[in-house]
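# An overview of the molecular structure
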Amino acid sequence: MELSSIASQLSSQASAQISAQMSLLLLRKTLELQSASISGLVQVAAPVSAPANPPNLGNSIDVMA
């Protein structure tokens, strides 16, 4: 093997490794932003309130037909 081809291969491997690291950093940042926006939406969502029906409603079923 020639020295120039070895240097070329090392350079391309280093470039691929840097590209993979940058892609991973971008993915992590995207996940952080999504997590922040979801937690904001969850906090804004109104909690489910208890029904305002009278206490005697739904306690018995009339089965006569």
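### Details of the overall build of the protein
Helices and strands together make up the secondary structure of the protein, namely 1 helix and 0 strands. Relative to the globule expectation of 11 Å for 65 residues, the C-alpha radius of gyration of the protein, 31 Å, shows a markedly less compact shape. Counting only C-alpha atoms, the protein reaches 95 × 30 × 10 Å along its principal axes. Counting only residues that meet the buried cut, the protein has 0% of its 65 residues in that class. When the accessible surface of the protein is summed, it comes to about 6300 Å², and 64% of that surface belongs to carbon and sulfur atoms.

### Describing a nonpolar patch on the surface
On the surface, a nonpolar cluster with roughly 300 Å² of combined accessible area is contributed by I18, M22 and L25. Residue position: I18 is located in helix α1 (residues 3-44).

### Considering the environment of Q13
Secondary-structure assignment places Q13 in helix α1. Using a relative accessible area of 53% as the deciding quantity, one classes Q13 as exposed. Considering only alpha carbons, one finds Q13 and V63, 50 residues apart in sequence, at a separation of 77 Å.

Scoring rules and cut-offs
Residues numbered from 1 in each chain as written. Predicted model: local features only at pLDDT ≥ 70, side-chain atom pairs only at ≥ 80, totals over all residues. Heavy atoms only, no water. Helix = DSSP H or I, 4+ residues; strand = E, 2+ residues; numbered from the N terminus. Rg over C-alpha atoms; globule rule 2.2 N^0.38 Å. Buried < 20%, exposed > 50% of the residue type's maximum accessible area, 1.4 Å probe, protein only. Areas by Shrake-Rupley, 256 points an atom, 1.4 Å probe, with all protein chains shown as cover. Patch = residues over 30% accessible without salt bridge, like charges linked within 9 Å, V, L, I, M, F, W, Y side chains within 5 Å. Salt bridge = Lys/Arg side-chain N within 4 Å of Asp/Glu carboxyl O.

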